[in-house]
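One-letter residues, chain by chain:
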Amino acid sequence: MAVSIKTPEEIAKMRVAGRLAAEVLEMIEPHVAAGVTTGELDAICHRYIVEEQRAIPAPLNYRGFPKSICTSVNHVVCHGIPGDRRLKRGDIVNIDITVIKDGFHGDTSRMFFIGKPPLIAERVTRISRECLWRGIDQVRPGARLGDIGHAIQQHAEGNNCSVVREFCGHGIGRVFHEDPQVLHYGVPGTGVRIEAGMTFTIEPMINAGRRGVKILPDGWTVITKDRSHSAQWEHTILVTPDGCEVLTVADGARD
Ligand code: MF3
Ligand code: CO
Ligand code: CO
């Protein structure tokens, strides 16, 4: 499938959807504390997206996913299902928000700390965030997707972490997951050529231990096989004529 190039009208809608997704993460931050359950965080986000933003939480019923956000704690890599688990001091959690506004998707995730996590957990969180930004720094017309993957892989593996290969970033627009696949590992100068008007996510899942993962019997929750901590940060990116614009930053800050 060819990679779609968004029109100026579509880009305007992507900006709105991206900002809304970022604002959900801002809104939820003070609630992410010891004693709260991931199910409670889901309920707060659901209400905010539906009633305040008049938007749609994209994960709900997506391929059968039962909740409105993903919450992935400690050795959960991604797609954690919110439920009765209570966050406690020392946990790290990724919250992944995707909203649909006016037909377009905005997709972003970040890590939160509950109290002070173990050093190894703090470290993989920092490395995964740096990986995201090293990937973003590669994005400009004429570069290749392999340049993004390579930058991420080098930084992760150069710091004794590993890159999850089973899941990747993705084109995004009217469709939640569209072409291209944005791998978080790769070879520079290879892969799809990046063009202005493309919109896609970069969302490296980085493990403190080995890269192997498995899916729990719920059919969704992805964990590290070795139970090492895993961390992920995600932004939705627009390719511009001279570089890129991060659509899921509320205030232009670099995180
Ligand atoms: N938001 C995730 C992503 O970054 C996808 C979640 S799909 C779900 O692509 F069904 F698990 F919600
Ligand atoms: Co995504
Ligand atoms: Co996401």
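Keep in mind it's a predicted model, so treat the numbers as computed, not measured.

J.: Hey, could you run me through the overall build of the protein in this one?
T.: On a plain count of helices and strands, the protein comes out with four helices and 15 strands. For 255 residues, the compact-globule estimate of 2.2 N^0.38 gives 18 Å, and the protein sits close to it at 17 Å. Projecting the C-alpha coordinates of the protein onto the three principal axes gives extents of approximately 45 × 45 × 35 Å. Scored against the burial criterion, the 255 residues of the protein give a buried share of 54%. The long-range share in the protein, meaning contacts at least 24 apart out of those at least 6 apart in sequence, stands at 70%. Of the roughly 11,000 Å² that the protein leaves accessible, carbon and sulfur atoms contribute 50%.

J.: Before we go on, may I ask you to explain the site of ligand 1 in this structure?
T.: Neighbouring residues of ligand 1: 14 residues in total, closest Pro59, His170, His177, Glu203 and Glu234. One of the side-chain N or O atoms of aspartate 96 is found 3.1 Å from a nitrogen atom in ligand 1. One of the side-chain N or O atoms of aspartate 107 is found 3.1 Å from an oxygen atom in ligand 1. Isolated, ligand 1 exposes 330 Å² of accessible area, and the fraction of that covered by the protein chains is 97%. Under a 2 Å grid-point criterion requiring more than half of the atoms, the pocket assigned to ligand 1 is the largest pocket.

J.: Before we go on, may I ask you to explain helix H2 (residues 38–52) in this structure?
T.: Counting along an α-helix, one turn takes 3.6 residues, and residues three or four places apart therefore face a common direction. For H2, built from 15 residues, the straight-helix expectation of 21 Å at 1.5 Å per residue is met to within 8% by its first-to-last C-alpha distance of 20 Å. Along H2, the positions that sit buried rather than exposed are Thr38, Gly39, Leu41, Asp42, Cys45, Tyr48 and Ile49. Next to the buried residues of H2 lie helix H1 (8–28), strand S1 (56–57), strand S2 (70–73) and strand S4 (92–101). Looking one or two residues past H2, arginine 54 carries a phi angle of roughly 55°, positive in sign.

J.: I would appreciate a short explanation of the layout of surface pockets in the present structure.
T.: Take a probe with the size of a water molecule and roll it over the atoms, and the empty space left behind shows itself. In this structure, the largest pocket spans a volume of roughly 630 Å³. Lining the largest pocket are 28 residues; nearest its centre among them are Tyr62, His79, Phe167, His170 and His177. Breaking the lining of the largest pocket down by element, the ones donating at least two residues are S4, strand S7 (169–171) and strand S8 (178–182). Looking at the lining of the largest pocket, its residues break down into 12 nonpolar, eight polar and eight charged.

J.: Explain the packing of H1 against H2 here, please?
T.: Each pair of packed helices can be described by the angle between their axes along with the distance between the axes. Closest axis-to-axis distance for the H1/H2 pair is 10 Å, and the angle between their directions is 135°. It follows from the interaxial angle that H1 and H2 lie oblique. Considering only the axes of H1 and H2, their crossing is right-handed. Residues Glu23, Val24, Met27 and Ile28 of H1 touch H2, and the partners they reach there are Leu41, Ile44, Cys45, Tyr48 and Ile49. Broken down by class, the residue content of the contact of H1 with H2 amounts to eight nonpolar, no polar and one charged.

J.: What is the right way to look at the nonpolar core in this model?
T.: Soluble globular proteins tend to bury their nonpolar side chains together. Within the largest apolar cluster, 30 residues are counted, with the highest numbers of intra-cluster contacts made by Ile136, Val139, Ile148, Ile194, Phe200, Ile202 and Ile206. Put simply, the parts of the chain that give this core at least two residues each are helix H3 (119–136), helix H4 (145–157), strand S9 (199–202) and strand S14 (235–240). Considering each element in turn, this core owes the most residues, seven residues, to H3. If near-sequence neighbours (up to four positions away) are discounted, phenylalanine 200 is found in contact with Val139, Leu145, Ile148, His170, Gly171, Ile172, Val182, His235, Thr236, Ile237 and Val239.

J.: Would you mind going over the pattern of salt bridges with me for this structure?
T.: Where side chains of opposite charge bring their charged atoms close, a pairing between them can arise. Overall, the coordinates contain 10 salt bridges when judged by the stated rule. The salt bridge partner of arginine 110 is glutamate 29, with a shortest N-O separation of 3.7 Å. On the criterion of sequence distance, the pair formed by arginine 110 in strand S5 (residues 104–113) and glutamate 29 in the loop between H1 and H2 is long-range, its members being 81 residues apart. Exposure remark for glutamate 29: the relative accessible area of 40% places this residue in the partly exposed category. One salt bridge connects arginine 126 with glutamate 130, and the closest N-O pair in it is separated by 3.2 Å.

J.: How should I be thinking about the sheet that holds strand S13 (residues 230–232) in this particular structure?
T.: Strand pairs in the sheet, formed through backbone hydrogen bonds, run parallel or antiparallel to each other. On the basis of which strands lie adjacent, the open sheet formed by three strands has the order S6-S10-S13 and antiparallel pairing. Both edges of this open sheet fall to strand S6 (162–163) and S13, since each of them pairs with a single strand only. In the sheet, strand S10 (residues 205–207) pairs with S13 via three bridges, with the strands oriented antiparallel. What sits directly across from asparagine 207, in S13, is serine 230. The strands touched by H3 are S10 and S13; relative to S10, the strand with the most contacts, the crossing angle is about 145°.

The rules we used
- Residues numbered from 1 in each chain as written.
- Chains lettered and ligands numbered in written order.
- Predicted model: local features only at pLDDT ≥ 70, side-chain atom pairs only at ≥ 80, totals over all residues.
- Heavy atoms only, no water.
- Helix = DSSP H or I, 4+ residues; strand = E, 2+ residues; numbered from the N terminus.
- Rg over C-alpha atoms; globule rule 2.2 N^0.38 Å.
- Buried < 20%, exposed > 50% of the residue type's maximum accessible area, 1.4 Å probe, protein only.
- Contact = heavy atoms within 4.5 Å.
- Areas by Shrake-Rupley, 256 points an atom, 1.4 Å probe, with all protein chains shown as cover.
- Near = heavy atom within 4 Å.
- Polar contact = N/O pair within 3.5 Å; in protein donor to acceptor, adjacent residues only side chain to side chain.
- 1 Å grid on protein atoms, 1.4 Å probe; cavity = no way out; pocket = protein on both sides within 12 Å on 5 of 7 lines; lining within 4 Å.
- Sits in = over half its atoms within 2 Å of the grid points.
- Expected span 1.5 Å × (residues − 1).
- Points joined across faces, edges and corners; volume = space filled by probe spheres on them.
- Nonpolar A, V, L, I, M, F, W, Y, C, P; charged D, E, K, R; others polar.
- Axes fitted to C-alpha atoms, helices over the stretch in contact; angles between N-to-C directions.
- Parallel < 35°, antiparallel > 145°, perpendicular 65-115°, else oblique.
- Left-handed = near helix turned anticlockwise from the far one by under 90°.
- Core = buried A, V, L, I, M, F, W, Y, C linked by side-chain atoms within 4.5 Å.
- Salt bridge = Lys/Arg side-chain N within 4 Å of Asp/Glu carboxyl O.
- Pairing = 2+ DSSP bridges.

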